[in-house]
Amino acid sequence: MAHAHAVKRYSGLMDWLTTVDHKKIGILYLISGGFFFLVGGLEALLIRIQLWKPLNDFVAAHTYNELLTMHGTTMIFLAAMPIIFALMNAIVPLQIGARDVAFPFVNAIGFWTFFAGGVLLNVSWFAGGAPDAGWTSYAPLATPTFSGGHGVDYYVIGLQIAGIGTLVGGINFLVTIINMRAPGMSFMRMPMFTWTAFITSALILFAFPALTVGLVAMMFDRLFGGNFFEPTNGGNAVLWEHIFWIFGHPEVYILILPAFGVISEVISTFSRKRLFGYSSMVFATVLIGFLGFMVWAHHMFTTGLGPVANALFSIATMLIAVPTGIKIFNWLFTMWGGSIRFTTANLFAVGFVPTFVMGGVTGVMLAAAPADFQYHDSYFVVAHFHYVIVGGLILGLFSGLYYWWPKMFGRMLNEGLGKLCFWTFFLGFHLTFFVQHFLGLMGMPRRVWTYLDGLGFNNLNMISTVGAFLMGVGTIVFLLNIVITSFKPRDAANDPWEDGRTLEWTIPSPAPEYNFAQTPLVRGYDAFWKEKMEGKKEMLPAEPLGSIHMPSPSILPFVMAIGLFIAGLGFMYGKGDYGDGFKAFLFNNHIVAILGMAITLFCMFLRSVYDDHGFHIEVDEITGDKGVKA
Amino acid sequence: MMNRWHVLKRLLPLLAGMVLLLSACGRADLSTLRPQGPVAEEQFGLMKLTITIMVVVVLIVFVIAGYVIIRYRRRPGDKSIPVQVEGNHKLEIIWTVIPIILLIIVGIPTVNSVFGLAKDYTKDPNAVQINVTAHQYWWEFEYPNLGVKTAQELLIPEGTIISVEAKTADVLHSFWIPSLAGKVDTNPGGNVNRMYFKADHTGVFLGKCAELCGPSHSLMDFKVKVVDKASFDRWVAAMKNPVALPEDQEIATVLNKQCLTCHAIGDKGVQLYPNLTGIGSRESVGGKLINTDQPEYANEGSVEENLKTWIKDPQAVKPGTLMPKVDLTDQQIDAIAKYLAGLKLDY
């Protein structure tokens, strides 16, 4: 071919550092997100050990605050978001019949900046103390007046860097889903998971800039003596609450919508039935995304916004129950009349539905502002958001991982271990968090290092701790399953569940580098199922077999992230007492920060001036692959 | 139809039983489920209404889910393809409209209550006005119309509206007396929040800080002591009485030099940190060390013992507190603790 270039294709570690392939980036997201999930889980266990009995001193008070801050921050930004991105990367292009995302290079930047930010945040543990002002980092507790040291600096800078990754990732998926759908794949034929990925990306686009603005302002307060949130100098602490929650509430839906998508796919597949009320599901998803921006102040009912604001935000919040209810009943009626097979993936999905309803109804209870004056910042809230995030999102992610594991890795996870994982995790979860509703109602505030004896909190806290360990066991069983499975041969079929309905099940497991040898022609919703029902075994191709254009791998995204990491450290330590040696010269003149920024900007410059045309995979290579007919 | 009513009739006592179970939850002086005044009562009413509706919703979902899971599970070897249903307009309308109706049922009392609880009693001459100022990690209570200031223990008359104006001296805190009223945040920078509550009967109620405020957030407890109106008036008068310094001249000097530079006792000292007037008759020292003659738990002891524990090493009791380890000999600590424990108010 005329455009063929000799492009170096790496192997081993360099392959992973330079990859721009959405499937490999998905695996990178999964590994790093999984790692941070374990770190956050360990922090959770330490928290529960501290609370298992009254007046315990297993960890010191300030360490406890670091643990609760890092547990929340890690779980939201470094575990949940990346694992969602892992699934989106691994599956969305396959579901819409695309060969990659719209901007593969940007996709790699997204991963590496997230990873650099996450590592930076966790470096704080070894650099004199982690952030300790809660994952919400409310001013003035997070301002330099009340938080000396560098803990909150790590939060402010680490999240900014990780936030770049999330934002560009979101934009990438928006463009991908709008532009790269296979012929015939209209919006109203898109699989539900792709739809939720689409709406989540839109939410990211609008919500993350708000967080970035807040973090930049907080960074100026902390590093350069700004006064955005410093009340003693005329700043406004409530302003931070608004900025944070204008991001923070949509973030909740950013997290839960992809789980809704997973559940829709899994329940439909394992019931052998079309998703009930597909168009109302799409409508409900869009509506939830829209309303998600209208309700942030329900996190601030006790801030003192006045009765008018409280009443409006109460009602707006309650409204979200309507589209959510539509979804719940659509799932139930997808199963109704179906032929339900209880694989591990489906166990998680079926377990999700009632669990999420329990988290949802406490959400409506919290929406009633006067009652919220009692619930707010108590363990009732802790129970509520763990029901929606763990009982909703994490169950959804487990379901998705069991379901798509063969497509990502070419191997089926062991079903026996899978079921053990489900039951321990599921029971452990309810044991941990159900009792916390009552702890809150009985007067136990959240984020407490310890509690006094004789208040009636002892037994329920002990139960909660036992449950947390059971969840830990479930997670270990999952890891064990991965390890054991990885020794098995890669023999998963194209459609290993046999009831696959969407395009990802038409191609080999794992998908080849170019996904589809020939772009498929989509003739309806549940494209693959439609062909199957007409007795065909594969999709109609929409193009002749030809050479496939691929993007080149590049090390630049990795280096850019390293540059930002160095710059972040440089900014943080720009003010300090280093004596008058070389180190003082380097840091106090912001030379380290400038060096880091220079690395990143130089990479951007290289990327702009160096024209990379990518390379082609020729027909011979494609036909040589297993499972593709010429 | 008859049949369905039977089911409902059987469910009703179950629901009533659950409500009863809920209302028996927790300590009467601490639990939101055992309200001791009209504000907490109103909030509990809204909680009961929403919990009942939500339990019904959850049960409906559970029943449908349970039925579906059992009835439609795949039998081994089943290769049949179920009917591919696209949807059902009637059903979809039902599960859109019913939630909307339920939300209206919850929404109306919510809005009603939002405005009701926002009522401003700051100009009401019959209400007791109180300025609450939160500090890391203690509470300051000022009675502006009575000219009294105290700390850690809010003394109020029963059956009277207590009108609160809350603010903070440092970081965010949240003022919460679960059995009397929901919480209100204390904001910095002149951003004062108002709330009111009323206690139906006398007793001691537990108050908590509900917003992360630093290492000792969990130990930032306070007490609300509700007394009858005559006692309250006597207390106000007693707070203004002059207080005698210790008879031992050495201890009096130490107290003046080491304690009264930050604290106030009666007409003496400085009001920077917790006012110690009548500390001998308070329920706790530092919010954490409970004063009792029959200690049961590690954090309980007599007033005098608790004062000693506290003065000897405040950081060990409340990490991050601004109270330093004061330069005192053991004898001086004992004498000061004894003197402070003897500061009792007659009311």
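Just so we're clear, the structure is a prediction, and the values are computed from it rather than from any experiment.

**Digging into the overall build of chain A**
Phase 1: The helix and strand tally for chain A stands at 20 helices and two strands.
Phase 2: Whereas a compact globule of 630 residues would reach a radius of gyration of roughly 25 Å, chain A reaches 25 Å, a difference of no more than 12%.
Phase 3: Expressed as lengths along the three principal axes of its C-alpha atoms, the size of chain A is roughly 70 × 65 × 50 Å.
Phase 4: Residue burial in chain A is summarised as follows: out of 630 residues, 65% are buried.
Phase 5: For chain A, restricting intrachain contacts to residue pairs at least 6 apart in sequence, the fraction spanning at least 24 positions comes to 82%.
Phase 6: For chain A, the accessible area works out to roughly 20,900 Å², and carbon and sulfur atoms hold 70% of it.
Phase 7: Computing the positive centroid from 33 side-chain charges and the negative centroid from 36, chain A places the two 9 Å apart.

**Here's the deal with the interface of chain B and chain A**
Put simply, an interface is often sized by how much accessible area is lost when its parts join up.
Phase 1: Listed by partner, the interface residues are 90 residues for chain B and 93 residues for chain A.
Phase 2: Roughly 7,600 Å² is buried in total at the junction of chain B and chain A, and carbon and sulfur atoms are behind 72% of that figure.
Phase 3: Of all residues in chain B, Arg74, Trp95 and Leu212 of chain B bury the most surface against chain A, accounting for 11% of the area lost on that side.
Phase 4: Run the count over chain B and chain A and you get one salt bridge.

**Considerations on the packing of aromatic side chains**
Phase 1: Throughout the structure, instances matching the rule amount to 79 aromatic pairs over all chains.
Phase 2: Taking 5.7 Å as the distance between ring centres and 25° as the angle between the ring planes, the aromatic pair formed by Tyr29 of chain A and Phe114 of chain A counts as stacked. Of this pair, Tyr29 of chain A sits in helix H2 (residues 22–50) while Phe114 of chain A sits in helix H4 (residues 104–123), and the two are 85 residues apart along the sequence. Here Tyr29 of chain A matches Phe114 of chain A in class, with each residue buried.
Phase 3: Each ring, one from Tyr403 of chain A and one from Trp505 of chain A, has its centre 5.2 Å from the other, and the planes form 65°; the classification is edge-to-face. Of this pair, Tyr403 of chain A sits in helix H13 (residues 379–409) while Trp505 of chain A sits in the loop between helix H15 (458–486) and helix H16 (527–533), placing them 102 residues apart in sequence. Just as Tyr403 of chain A is buried, Trp505 of chain A falls in that class too.
Phase 4: Ring pairs connect the aromatic residues Tyr29, Phe35, Phe36, Phe85, Phe111, Trp112, Phe114, Phe115, Phe173 and Phe558 of chain A, which therefore count as one cluster.
Phase 5: Just above the ring of Trp529 of chain A sits the side chain of Arg501 of chain A; from NZ or CZ to the centre is 4.2 Å.
Phase 6: It is Lys183 of chain B that lies over the ring of Trp176 of chain B; its NZ or CZ is 3.9 Å from the centre.

**Points about the pairing of strand E1 (residues 128–135) of chain B**
All names here are of chain B.
Phase 1: For E1, the tally of buried residues reaches eight of eight residues, placing the bulk of the element in the interior.
Phase 2: Burial along E1 is two-sided: the residues Val128, Ile130, Val132 and Ala134 and Gln129, Asn131, Thr133 and His135 are all buried.
Phase 3: Bridge analysis of E1 against strand E5 (residues 162–168) gives seven bridges, and the strand direction is parallel. For Gln129, the partnering residue across the bridge sits in E5 and is Ser163.
Phase 4: Direction of pairing for E1 relative to strand E2 (residues 138–143): antiparallel, over a ladder of five bridges. In the sheet register, Val132 faces E2, and the bridge partner there is Phe141.
Phase 5: Two successive antiparallel strands, E1 and E2, enclose a turn made up of two residues.

**Some words on helix H11 (residues 344–367) of chain A**
Residues and elements named next belong to chain A.
Phase 1: The end-to-end C-alpha distance of H11, which contains 24 residues, comes to 34 Å, matching closely the 34 Å that a straight helix rising 1.5 Å per residue would cover.
Phase 2: Of all the bends in H11, the largest measures some 30° and sits at Phe352, one to four residues before the proline Pro354.
Phase 3: The buried count for H11 comes to 23 of 24 residues, which makes it a mostly enclosed element.

**Quick notes on the confidence of the model for chain A**
Phase 1: For chain A, mean pLDDT is 94; residues scoring 70 or higher make up 98% of the total.
Phase 2: Predicted confidence for residues 626–630 of chain A stays below pLDDT 50, and this span has nine contacts to residues more than four positions away or in other chains.

**Thoughts on the sheet that holds strand E13 (residues 284–285) of chain B**
The strands that make up a sheet pair up through hydrogen bonds in the backbone, lying either parallel or antiparallel.
Residue and element names in this part refer to chain B.
Phase 1: Taken in spatial order, the three strands make up an open sheet running E13-E14-E15, and their pairing is mixed. Two strands in the sheet have a free side with no partner beyond their single neighbour: E13 and strand E15 (300–301).
Phase 2: In this sheet, E15 lies alongside strand E14 (residues 289–291) in parallel orientation, the contact comprising two bridges. The partner of Ile290 across the bridge, within E15, is Glu300.

**Quick look at the nonpolar core**
Phase 1: Ranked by size, the top nonpolar core spans 273 residues in total, and within it Trp331 and Leu332 of chain A together with Phe175 and Phe197 of chain B carry the most contacts.
Phase 2: Ranked by residues supplied to this core, first place goes to helix H3 (residues 61–95) of chain A with 22 residues.
Phase 3: The contacts of Leu332 of chain A, once residues within four sequence positions are left out, are Val353 of chain A together with Val61, Ile64, Ala65 and Val68 of chain B.
Phase 4: Judged by nonpolar contacts, the second largest core, of 26 residues, contains Leu255, Ile279, Val285 and Tyr339 of chain B.

**What to know about the domain arrangement of chain B**
All names here are of chain B.
Phase 1: If you check the domain split of chain B, you get domain 1 (27–62 + 89–228) and domain 2 (249–341).
Phase 2: At the interface, 14 residues of domain 1 touch 18 residues of domain 2.
Phase 3: Carbon and sulfur atoms make up 55% of the surface buried where domain 1 meets domain 2, a total of about 1,400 Å² over both sides.
Phase 4: For domain 1, the biggest contributors to the area lost against domain 2 are Trp138, Lys149 and Leu219; these three give 33% of the whole.
Phase 5: The tally of links from domain 1 across to domain 2 stands at one salt bridge.
Phase 6: Linking Lys225 and Glu283 is a salt bridge whose minimum nitrogen-to-oxygen distance equals 3.6 Å.
Phase 7: Counting across the domain 1 and domain 2 interface gives seven residue pairs in polar contact (both at pLDDT 80 or more).
Phase 8: Within the residue set of the side of domain 1 that touches domain 2, elements represented by two or more residues are strand E3 (148–151) and strand E10 (222–227).

**A word on the side chain of Thr465 of chain A**
Phase 1: By the element assignment, Thr465 of chain A lies in helix H15.
Phase 2: When near neighbours in sequence (up to four residues on either side) are disregarded, Thr465 of chain A contacts Arg48, Ile49, Leu51 and Trp52 of chain A.

**Brief notes about unusual backbone geometry**
Phase 1: The omega torsion across Ala139 of chain A and Pro140 of chain A is 0°, close enough to zero to call that bond cis.
Phase 2: Along the chain, the position of Pro140 of chain A falls in the loop between H4 and helix H5 (151–179).
Phase 3: The omega angle of the peptide bond from Gln136 of chain B to Tyr137 of chain B is -5°, so this bond is cis rather than trans.
Phase 4: Within the secondary structure, Tyr137 of chain B is located in the loop between E1 and E2.
Phase 5: Of note in this structure, Asn515 of chain A is not a glycine but carries a positive phi near 60°.
Phase 6: Structurally, Asn515 of chain A is set in the loop between H15 and H16.

Reading guide: rules and limits
- Residues numbered from 1 in each chain as written.
- Chains lettered and ligands numbered in written order.
- Predicted model: local features only at pLDDT ≥ 70, side-chain atom pairs only at ≥ 80, totals over all residues.
- Heavy atoms only, no water.
- Helix = DSSP H or I, 4+ residues; strand = E, 2+ residues; numbered from the N terminus.
- Rg over C-alpha atoms; globule rule 2.2 N^0.38 Å.
- Buried < 20%, exposed > 50% of the residue type's maximum accessible area, 1.4 Å probe, protein only.
- Contact = heavy atoms within 4.5 Å.
- Areas by Shrake-Rupley, 256 points an atom, 1.4 Å probe, with all protein chains shown as cover.
- Lys, Arg positive; Asp, Glu negative; His and termini not counted.
- Charge placed at Lys NZ, Arg CZ, Asp CG, Glu CD.
- Buried area = accessible area lost by both parts, 1.4 Å probe.
- Salt bridge = Lys/Arg side-chain N within 4 Å of Asp/Glu carboxyl O.
- Phe/Tyr/Trp six-rings, centres within 6.5 Å; stacked < 30°, edge-to-face > 60°.
- Lys NZ or Arg CZ within 6 Å of the ring centre and 35° of its normal.
- Pairing = 2+ DSSP bridges.
- Expected span 1.5 Å × (residues − 1).
- Bend = angle between axes of the 7 residues up to and from the residue.
- pLDDT = per-residue confidence, 0-100.
- Core = buried A, V, L, I, M, F, W, Y, C linked by side-chain atoms within 4.5 Å.
- Domains from an automatic or database assignment.
- Polar contact = N/O pair within 3.5 Å; in protein donor to acceptor, adjacent residues only side chain to side chain.

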